Amino acid sequence: MSERLSVFKTYKLFVGGKFPRSESGRVYEVTDSKGKWLANAPLSSRKDARDAVVAARKATGGWAGATAYNRGQILYRVAEMLEGRRDQFVAEVADAEGLSKSKAAAQVDAAIDRWVWYAGWTDKIAQIVGGANPVAGPYFNLSTPEPTGVVAVVAPQESSFLGLVSVIAPVIAVGNTVVVIASEKAPLPALSLGEVLATSDVPGGVVNILSGKAAEISPSLAAHQDVNAIDLAGADAELSKALQIAAADNLKRVLRPQAVDWSADPGTDRMTAFLETKTVWHPTGSLGAGGSAY
């Protein structure tokens, strides 16, 4: 029996629910912590970033309009699918971050649990950040949260999977769509996540994943007039400053980089960071003799 050839995986971008190569045709080598070649990843261009924004914008209406309960079901489905491909992600994270198998498994398990955690928050976050406001008059005054829109994210550079999930899941949990630039040196877990999202009921365009050089791609996203907010989690000080200046042109909401322990309880901050508050006044009608509104 002849020895068979290895079938190397072709990693692609995830944009609009599809798997295009970079329009530039460029790739770059991805190596493990010891310099061993792992794969070629697409080297995204500014055109790829613009295409991703178009896809994200197209998906905003349907995703924001879905019920919070339905979004929770979909996020939970992502966790289910990841559980079934756990071994693949453990191997990819171990190679990407130079971790032992047991430590990589802990990272992957935490990432799966994080999807479940955010799935549970989708129909509860409004109870925390919304409410009925007391007013001096015959009115209901209600504040309700609404998604900001299209959010660009520079993913953490060192935490290729848990950190990635920790910046994607809260953004889409509250109804936003996202364009994320994966870790430059360790993009493979992010690109594989696209394969999971494609089969997890997540509508095309809700999550768009680019690989390549953040310094090359992110300025066009920060300056893009159809991007509503940007998370600079994985940007260094120099890049962060440049992106904040570019984002000011259309008054984007900016979440500045900060030291984060991705394994800690994430809290609700990354969800509320990309929510807007809508306040509605509604007349109660004439009060009857019994004091009731109707």
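For the structure, check the block above.
Below you will find a few notes about this structure. (Residues numbered from 1 in each chain as written. Predicted model: local features only at pLDDT ≥ 70, side-chain atom pairs only at ≥ 80, totals over all residues. Heavy atoms only, no water.)

### A closer look at the packing of helix 2 (residues 68–84) against helix 4 (residues 101–121)
Helix-helix packing is described using two parameters, namely the angle between the two axes and the distance between the axes.
Item 1. At their nearest, the axes of helix 2 and helix 4 sit 8 Å apart, and the two run at 165° to each other. Judged by the inter-axis angle, helix 2 sits roughly antiparallel to helix 4. Considering only the axes of helix 2 and helix 4, their crossing is left-handed. Mapping the contact onto sequence places Gly72, Leu75, Tyr76, Val78, Ala79, Leu82 and Glu83 in helix 2 and Ile112, Trp115, Val116, Tyr118 and Ala119 in helix 4. (Axes fitted to C-alpha atoms, helices over the stretch in contact; angles between N-to-C directions. Helix = DSSP H or I, 4+ residues; strand = E, 2+ residues; numbered from the N terminus. Parallel < 35°, antiparallel > 145°, perpendicular 65-115°, else oblique. Left-handed = near helix turned anticlockwise from the far one by under 90°. Contact = heavy atoms within 4.5 Å.)

### Digging into the pattern of salt bridges
Item 1. Evaluation of the coordinates by the stated rule reveals 14 salt bridges.
Item 2. As a salt-bridge pair, Glu184 and Lys213 come within 3.6 Å of each other at their nearest N and O atoms. Note that Glu184 is positioned in the loop between strand 6 (177–181) and helix 7 (188–198) and Lys213 in the loop between strand 7 (207–210) and helix 8 (214–223), a separation of 29 residues in sequence.
Item 3. Judged by relative accessible area, which is 29%, Glu184 ranks as partly exposed.
Item 4. Each of Lys9, Arg85 and Glu195 takes part in one network of salt bridges that share partners. (Salt bridge = Lys/Arg side-chain N within 4 Å of Asp/Glu carboxyl O. Buried < 20%, exposed > 50% of the residue type's maximum accessible area, 1.4 Å probe, protein only.)

### Brief notes about the side chain of Arg270
Item 1. Locating Arg270 in the fold gives a position in helix 10 (residues 269–272).
Item 2. Within the structure, the side chain of Arg270 is placed 2.7 Å from the side chain of Asp231, a separation counted as a polar contact.
Item 3. Arg270 has contacts with Ser166, Val167, Pro170, Asp231, Ala233, Leu255, Val260 and Trp262, leaving out every residue within four places of it along the chain. (Polar contact = N/O pair within 3.5 Å; in protein donor to acceptor, adjacent residues only side chain to side chain.)

### Observations concerning the packing of aromatic side chains
Item 1. Across all of its chains, the model carries 6 aromatic pairs by this definition.
Item 2. Taking the centre distance of 5.7 Å and the plane angle of 80° together, the rings of Phe8 and Trp37 count as edge-to-face. Highlighted residues: Phe8 in the segment before strand 1 (27–31) and Trp37 in strand 2 (residues 37–42), separated in sequence by 29 residues.
Item 3. A relative accessible area of 60% means that Phe8 is categorised as exposed.
Item 4. Ring centres 4.9 Å apart and planes at 25° place the aromatic pair Phe89 and Phe161 in the stacked group. Residue Phe89 is found in helix 3 (residues 86–97), and its partner Phe161 is found in the loop between strand 5 (150–154) and helix 6 (162–173); the two are separated by 72 residues along the sequence. An identical accessibility class is assigned to Phe89 and Phe161; each is buried.
Item 5. The rings of Trp117, Tyr118 and Trp121 are connected pair by pair, giving a single aromatic cluster. (Phe/Tyr/Trp six-rings, centres within 6.5 Å; stacked < 30°, edge-to-face > 60°.)

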